[in-house]
Structures are given as structure tokens and as C-alpha cells.
Amino acid sequence: MGKGGKACDASTENRAAWLHGINDLRIEPYPLPPLGPTDVRTMSCGDYHVKEPMVIGHECAGIIEEVGSEITSLVAGDRVALEPGQGCWRCDRCKEGSYNLCPDMEFFATPPIHGSLADQIVHPGNLCFKIPDNVSLEEGAMCEPLSVGVYGCRRAKVGAETTVLIIGAGPIGLVTLLASRAFGAPRVVVADVDDHRLSVAKKLGADEVVKVSFNKEDVASEVEEIKKAMGKGIDVTLDCAGFEKTVSTAFGATRNGGKVCLIGMGHCNMTVPLTPAASREVDVLGVFRYKNTWPQCIEFISSGKIDVKPLITHRFGFSQEEVVEAFETSARGGSAIKVMFNL
């Protein structure tokens, strides 16, 4: 698909963005697998070790070009948002509905599974969700990061009486802010180390923002500043960074009997004040990706409860030069939040 959403010629060679090594991205041919009876072929928009070249990308939406013989709910021309992870549907976790915890999960751009940053891909039809006319393909692609925030709010049971602290105002922190508002949270405070990110959080609806430091010695004073900004007890803290200092801050700031939801995964091993949190019956909830979130994300966007458009700060085409520039732009940070490719 071109920038105007036009279909490519069927004879055009399928291309993808391949990661060959550190800082080595190349646009190269990507032969598609055969279309299975329950698959669809779409045209895309949109801490692992890579041992061999791999196609990258996992946030995408596109237009269906062809459907498998057993697909009845989708037809060529449908605009769809793609959920990137497929469970085995045989293990106990999948059978109980927690397919995000499947040990044999196949997830876009997670070795050895190729990603979705390609002209065309083949994907299971049950993981392709139709988007209404008032939702763009770019907004459809944003269902993937938004799903992380939506699932975190579900896990923490955020609602109309829940005060929420969000630690980290990167892309996931910002979509979590949008999700918490959509779930009805009456007051949301966001903490981060970066002034620009905090200004974006404020524009997106945070009631208060608090600038914090990288220094672990500042946790106690920053907890008091965060509590003051909230003005009442913090029912739920959603840590979207996942570092030793942010988890410690979350434990200290959350009220007795509250919940800390760990979304970010910055550090693997850390020393945090777990016993004091346990003595105050602060519940700790883990979050890994998401499950069954696409329909709700599409409804939130379609209804206007969530506007993801301000998060799309940069747009690029699909040439070798533009792909490299796009990833360099994202890596630099600054004003970049979400970088979109239009194929």
C-alpha cells in the first residue's frame, strides 16, 4: 500500500524491513508462505537475541488482499487491525483464555518469528479485526500499544472511583493514561524524568504531572510530592518503566490496600521494599502483553473516547533511506513518540 492507501500491483515483489545486526536494517525481498484456509493476506501499515536476519515490526493494520477458503467473516478489501501474537490453543494457559502466557506463543518480530513491516504478510484471520470507516489504518495500527494500557487497566480494575498514578510517560505510559481515562478514572497523576514527555501527558489529560529524578535517594521525597499532587490516596499505580527506582516509588506512593501494576520491564533483577508493601497489603500485579483487547481498543477509538492521533508524531515511507531515518528518529527520542510507516 502506498501513502495514499493504494494497492500495489500483484506482480510487485514483496519487500520487508530485515534486521541483520546492530544498526543494520535493510529493505529486502520477503517471500510469503502459502495462504492457509484460515489465513488472510494483507498489505501492511504500520530483549531478544537475533541470531539470523529477521523481519521487524509488530504494530500494524492493512487492507485484505486475499482470504483462505474457510474464512467467512472477512473479504478482500476489508480494512483490519492485526493482533500480532498467536497462542498454540493446546496448552492449559490457552485453554483457560490466557493465551498471552502461552509458552509457545508466536509473536511478530520475536525470534524466530518474522515481523510485519512488509508490503504484504499472511496472518490468521481470527487475529484480524475489521475497523470502521471512521478509524484510519494508522489508528488501527495503534491498537497494539493501546492494548498494553487497556490490559493493564483491566488487570488493576481501574474504574470511575479509582485514582491512578502512572510512572513513565513514554509511549506505553501515554497510552495507559488514555486508557485509564477511558475506563473512567477521575484523577490521574503522571511522573517522569523528562519535561517534554510530561508536557505531552498534561495535554493528553493528566490532572497533574511530577518530574522525578534518576537518583534512588530521592524516592522518599518524590513519593511525598506525588501524594501531594494526587491530593488523596492513590488506589492504583501503573509502573510503565519497570526500574528499581520506579517500582520502589510505586510501592511507597500507593495507599494501604491499593494495587501496583507492573507494565514496564526495564530491570530483570532488582531490590525493592517488598516487605513494607506486603505489610500494608499492597497487591502486586504483573502484566505481559495483553489478551482479547482489540475489539475494545477499536471501540474506544471509534467512539472518540480515546484519540491516539496525537501520539503519531512522525511518518515515513518504505524506502531503505526512510526506514533507517525512521529508526534513528525513534532512537533519538526528543519529540518522537510513535513513528509510522505508510507502505
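For the structure, check the block above.
Computed from a predicted model, the values in this text were never measured in an experiment. (Residues numbered from 1 in each chain as written. Predicted model: local features only at pLDDT ≥ 70, side-chain atom pairs only at ≥ 80, totals over all residues. Heavy atoms only, no water.)

## Considering the overall build of the protein chain
Per the secondary structure count, the protein chain includes ten helices and 18 strands. Here the C-alpha atoms of the protein chain give a radius of gyration of 21 Å, agreeing with the 20 Å that 2.2 N^0.38 yields for 343 residues. For the protein chain, the spread of C-alpha atoms along the three principal axes comes to 65 × 40 × 40 Å. Burial analysis of the protein chain (343 residues in total) assigns 51% to the buried set. As displayed, the protein chain has an accessible area near 16000 Å², and 52% of this comes from carbon and sulfur atoms. Taking the 35 positively charged and 44 negatively charged side chains of the protein chain as two groups, their mean positions are separated by 6 Å. (Helix = DSSP H or I, 4+ residues; strand = E, 2+ residues; numbered from the N terminus. Rg over C-alpha atoms; globule rule 2.2 N^0.38 Å. Buried < 20%, exposed > 50% of the residue type's maximum accessible area, 1.4 Å probe, protein only. Areas by Shrake-Rupley, 256 points an atom, 1.4 Å probe, with all protein chains shown as cover. Lys, Arg positive; Asp, Glu negative; His and termini not counted. Charge placed at Lys NZ, Arg CZ, Asp CG, Glu CD.)

## So, the packing of helix H3 (residues 143-156) against helix H9 (residues 294-303)
Relative orientation of the contacting elements H3 and H9 amounts to 105°, with a least axis distance of 9 Å. Comparing their axes, H9 and H3 come out roughly perpendicular. Contact with H3, carried on its side by Cys-143, Glu-144, Leu-146, Ser-147, Val-150 and Arg-154, involves Trp-294, Gln-296, Cys-297, Ile-298, Phe-300 and Ile-301 of H9 and no other residues of that element. Split by residue class, the contact of H3 with H9 holds eight nonpolar, two polar and two charged. (Axes fitted to C-alpha atoms, helices over the stretch in contact; angles between N-to-C directions. Parallel < 35°, antiparallel > 145°, perpendicular 65-115°, else oblique. Contact = heavy atoms within 4.5 Å. Nonpolar A, V, L, I, M, F, W, Y, C, P; charged D, E, K, R; others polar.)

## Comments concerning the packing of aromatic side chains
According to the stated counting rule, one finds seven aromatic pairs in the structure shown. Relative to Tyr-30, the ring of Trp-18 has its centre 5.8 Å away and its plane inclined at 90°; by these criteria the two rings are edge-to-face. Of this pair, Trp-18 sits in strand E1 (residues 15-21) while Tyr-30 sits in the loop between strand E2 (24-29) and strand E3 (39-45), and the two are twelve residues apart along the sequence. Each member of the pair, Trp-18 as well as Tyr-30, is classed as buried. Look at Trp-89 and Tyr-99: their rings are 5.3 Å apart centre to centre, the planes differ by 40°, and that puts the pair in the tilted class. Taken together, the residues Trp-89 in the loop between strand E7 (85-86) and helix H1 (92-95) and Tyr-99 in the loop between H1 and strand E8 (106-107) connect sequence positions ten residues apart. Given the relative accessible area of 44%, Trp-89 is considered partly exposed. (Phe/Tyr/Trp six-rings, centres within 6.5 Å; stacked < 30°, edge-to-face > 60°.)

## Details of the sheet that holds strand E12 (residues 187-192)
Adjacent strands of a sheet pair through backbone hydrogen bonds, lying either parallel or antiparallel. Within the open sheet, the six strands sit side by side as E13-E12-E11-E14-E15-E16. Their pairing is parallel. Each edge of the open sheet carries a strand with a single partner, namely strand E13 (208-211) and strand E16 (283-286). Mean inter-strand twist for the sheet, computed between neighbouring axes without regard to direction, equals 20°. Examined bridge by bridge, strand E11 (residues 163-167) and E12 share five bridges and lie parallel to one another. (Pairing = 2+ DSSP bridges.)

## Quick look at helix H10 (residues 320-332)
An ideal rise of 1.5 Å per residue puts 18 Å on 13 residues; H10 measures up with 19 Å between its terminal C-alpha atoms. Along H10, the residues classified as buried are Val-323, Ala-326 and Thr-329. Along the axis of H10, the buried positions cluster into a sector of 125°, meaning they face one direction only. Set apart from the buried face of H10 by more than 90 degrees, the exposed residues are Glu-321, Ala-331 and Arg-332. Packing partners of the buried residues in H10 comprise E1, E2, strand E17 (312-316) and strand E18 (338-341). Backbone geometry just downstream of H10 places Gly-333 in the positive-phi region, at approximately 75°. (Expected span 1.5 Å × (residues − 1). Arc of directions from axis to C-beta.)

## Re the sheet that holds E2
Here we have three strands laid out as an open sheet, ordered E2-E1-E4, and antiparallel in their pairing. Whereas interior strands pair on both sides, the edge strands pair on one side only; in this sheet they are E2 and strand E4 (54-55). Inspection of the sheet shows E1 paired to E4 by two bridges, in the antiparallel sense. Paired with Leu-19 across the two strands is Met-54, which belongs to E4. Together, E1 and E2 form the strand contacts of H10, whose direction differs from that of E2 by roughly 145°.

## Focus: the side chain of Gln-120
Within the secondary structure, Gln-120 is located in strand E9 (residues 120-124). The buried category is assigned to Gln-120, whose relative accessible area is 11%. Not counting residues within four places of it along the chain, the set of residues in contact with Gln-120 comprises Asn-14, Tyr-30, Leu-32, Arg-41, Thr-42, Met-43 and Glu-65.

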